[in-house]
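Residues per chain, in single letters:
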Amino acid sequence: MTELTQDFTAKLYDNYSSNVKYQAVENAITSNGFLKSLETRAGKVNNQPVFSIDLTNDAVTNQKQSGRCWMFAALNTFRHKILTEFKLENFELSQAYTFFWDKYEKSNWFFDNILATEAEDLTDRKVKFLLDTPQQDGGQWDMIVAIFQKYGVVPKDIYPESVSSSASGELNTYLNKLLRQDAEILRQVARDGGDTQAKKEELLQEVFNLLAANLGLPPQKFDFEYRDKDNEFHKVEGVSPKEFYDKFVGVDLNEYVSIINAPTEDKPYNQSYTVEFLGNVAGARDVRHLNVEMDRFKELAIAQMQQGETVWFGCDVGQVSNRKEGIMALDVYDFKTALDLEYTQTKASRLDYSESLMTHAMVLTGVDLDENGKSLKWKVENSWGDKVGAKGYFVASDAWMGEYTYQIVVRKEFLTEQELKAYEAEPRVLAPWDPMGALA
């Protein structure tokens, strides 16, 4: 260890206090806040919310105090389709419904992984990884696909929000407390040579009871009534959630693939990847990503929007992002002029040094293209309600997209034959803590 001497600290003190610019900046920041004081006019001027391709202006949804962005983003892509095809207004699919089944399935997933690692010590890194977060609100595209395919969807009016779905902190705390206790029980039953499946089923009843009490018992059959924009009345009787999906959504989820941009040396492009322990529904398809270069990544997103379909995407939303104005751009704050600070890490370095990873999923609903068809800026539908951004929508500069976006979901038809072959090849398995396993 190297001691910080008084003489060295005095030198730093003198360097700061002798710089009149820093004194002015200190006055601004201490009175107005750090980022607010560094906002630029250029960031707003260069990122006006006008796009050559603009697919939707629907009212946005609000995930409130929960980490369900990945669900909201997926359900919002379906919502755009339903609103158009069935002439609906003010319609949402139930995010609480998918939330219930995801937590139920994640609990079973956790139990299976605890049993699979039963022979390892509690100090083993993988066991600790499991116990640190038995389950959480976040997820990945392939995980929400697994929920849709097994459980379908329902309208929000049929399975509305509860306190615990809108503000999930208490539920997560006490569900994880229960799951860690259950992990100890299951490890002991396994070591005693007992019936782990019978014990697991007993424990899952407790999990189910906790979820149902907090979120409500999910419907198995329901009637759906609505009036369309032409004021015509419609009623569908006795439909199951899977039947509702088939009738009102009708999207073949097997035709969609996850594309990532991870420019680190350990992840060559045009290769598929999966992540150990990452999933929710036992027996469903694995989480799988195809890694491509950023130019190709953007081409695929543009191609899908040019065909009239919005794009689920994952990014590091908090990086150089002005939440109030709804701008995500590298020029939104000026650190260099104010404090002579330059953030120079590359995208690869930020991933390698734990500075960045995917934290949030949203929907690309528009893009501004130049005369050569290259992207200039992107329209983003968020799920934080209409009080942030431009009535809930954000603008992402093209440079920001390149630096802080990690994942999109597009139809297979846009991939080349070589890319599709790479996606379908046996994936390389990444460690559970790899940044490409981050949950939105």
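Model, not experiment: these values are computed from the prediction.

A. Just the overall build of the chain, in detail. Along the backbone of the chain there are 17 helices and 14 strands. The C-alpha radius of gyration of the chain comes to 24 Å, within 12% of the 22 Å expected for a compact globule of 440 residues. In terms of overall dimensions, the chain has a C-alpha envelope of 75 × 65 × 45 Å along the principal axes. Expressed as a percentage of its 440 residues, the buried residues of the chain come to 51%. Considering only contacts in the chain between residues 6 or more positions apart, those separated by 24 or more positions represent 77%. When the accessible surface of the chain is split by element, carbon and sulfur atoms take 48% of a total near 21,500 Å². Computed over 48 positive and 69 negative side-chain charges, the inter-centroid distance for the chain is 3 Å.

B. Examining the UniProt feature "active site" (unreviewed entry) in the chain more closely. Residues annotated by UniProt as "active site" (unreviewed entry) correspond here to Cys69, His360 and Asn382. A stretch of 314 residues holds the annotated residues, and the largest C-alpha distance among them is 9.5 Å, short enough that they meet in one place. His360 gets classed as buried once you look at its relative accessible area, which sits at 3%. Apart from the residues within four sequence positions on either side, His360 is in contact with Gln63, Cys69, Phe313, Gly314, Cys315, Val317, Asn382, Ser383, Trp384 and Ala440. Here Asn382 lies in the loop between strand S11 (375-381) and strand S12 (393-397). On the basis of relative accessibility, which here comes to 1%, the residue Asn382 falls in the buried class. In this view, Asn382 contacts Val60, Thr61, His360, Met362, Gly392 and Phe394; residues no more than four positions away in its chain are not counted. Polar contacts involving the side chain of Asn382 include one to the side chain of His360, which spans 2.8 Å.

C. Region of interest: the pattern of salt bridges. Under the criterion given, the structure shown has 33 salt bridges. For Lys199, the salt bridge goes to Glu202, with nearest N and O atoms at 3.2 Å. With a gap of three residues between them, Lys199 and Glu202 both fall in helix H11 (residues 196-215), about one helical turn apart. For the salt bridge of Arg296 with Glu299, the shortest nitrogen-to-oxygen distance reads 3.2 Å. With a gap of three residues between them, Arg296 and Glu299 both fall in helix H13 (residues 294-306), about one helical turn apart.

D. View of helix H5 (residues 69-85). Between the first and last C-alpha of H5 there are 24 Å, a value that for 17 residues agrees with the 24 Å anticipated at 1.5 Å per step. Directly beyond the C-terminal end of H5, a positive phi value near 55° is found at Lys87.

E. Representation of helix H17 (residues 417-424). Considered for burial, the residues of H17 that qualify are Glu419, Ala422 and Tyr423. Taken down its axis, H17 places every buried residue within 100° of arc, on the same side. Along H17, the residues that are exposed and aim more than 90 degrees away from the buried face are Glu417, Gln418 and Lys421. Elements that come into contact with the buried residues of H17 comprise strand S4 (256-260), strand S5 (271-275), strand S6 (289-291) and H13.

F. Just the pairing of strand S2 (residues 222-227), in detail. Side-chain alternation along S2 places Phe222, Phe224 and Tyr226 on a buried face and Asp223, Glu225 and Arg227 on a face that remains uncovered. The antiparallel pairing of S2 with strand S3 (residues 233-239) creates a hairpin that spans five residues between the two strands, and Asn231 there sits at a positive phi of about 65°.

G. Broad picture of the packing of aromatic side chains. All told, the structure shown has 29 aromatic pairs when counted by the stated rule. The interplanar angle of 50° and the centroid separation of 6.1 Å between the aromatic rings of Phe110 and Phe111 together place this pair among those described as tilted. The pair formed by Phe110 and Phe111 is uniform in burial state, with each residue classed as buried. Ring centres of Trp400 and Tyr404 lie 5.7 Å apart, and the angle between their planes is 45°; this geometry places the pair in the tilted category. In this pair, Trp400 and Tyr404 both sit in helix H16 (residues 398-404), four residues apart, roughly one turn of the helix. We classify Trp400 as buried; its relative accessible area is 0%. Grouping aromatic residues by their ring pairs yields a cluster made of Phe86, Phe91, Phe222, Phe224, Tyr226, Phe244 and Phe248. It is Lys247 that lies over the ring of Phe248; its NZ or CZ is 5.7 Å from the centre. Here the basic side chain of Lys379 rests over the ring of Tyr393, its NZ or CZ set 4.5 Å away from the ring centre.

H. Spatial organisation of the side chain of Glu419. Among the structural elements, Glu419 can be located in helix H17. For Glu419, a relative accessible area of 7% translates into the label buried. Within the structure, the side chain of Glu419 is placed 2.7 Å from the side chain of Arg296, a separation counted as a polar contact.

I. Focus on unusual backbone geometry. Phi at Asn90 takes a positive value of approximately 50°, unusual for a residue other than glycine. Position of Asn90 among the secondary structure elements: in the loop between H5 and helix H6 (95-116). Positive phi is not limited to glycine here, since Lys391 has a value of about 55°. For Lys391, the position within the fold is in the loop between S11 and S12.

J. Main features of the side chain of Glu105. Tracing the sequence through the fold places Glu105 in helix H6. When sequence neighbours within four positions are dropped, the list of residues in contact with Glu105 reads Ile147, Lys150, Tyr151, Asn280, Val281 and Ala282.

What counts as what
Residues numbered from 1 in each chain as written. Predicted model: local features only at pLDDT ≥ 70, side-chain atom pairs only at ≥ 80, totals over all residues. Heavy atoms only, no water. Helix = DSSP H or I, 4+ residues; strand = E, 2+ residues; numbered from the N terminus. Rg over C-alpha atoms; globule rule 2.2 N^0.38 Å. Buried < 20%, exposed > 50% of the residue type's maximum accessible area, 1.4 Å probe, protein only. Contact = heavy atoms within 4.5 Å. Areas by Shrake-Rupley, 256 points an atom, 1.4 Å probe, with all protein chains shown as cover. Lys, Arg positive; Asp, Glu negative; His and termini not counted. Charge placed at Lys NZ, Arg CZ, Asp CG, Glu CD. UniProt positions renumbered as here; feature names shortened; annotations may be inferred. Polar contact = N/O pair within 3.5 Å; in protein donor to acceptor, adjacent residues only side chain to side chain. Salt bridge = Lys/Arg side-chain N within 4 Å of Asp/Glu carboxyl O. Expected span 1.5 Å × (residues − 1). Arc of directions from axis to C-beta. Pairing = 2+ DSSP bridges. Phe/Tyr/Trp six-rings, centres within 6.5 Å; stacked < 30°, edge-to-face > 60°. Lys NZ or Arg CZ within 6 Å of the ring centre and 35° of its normal.

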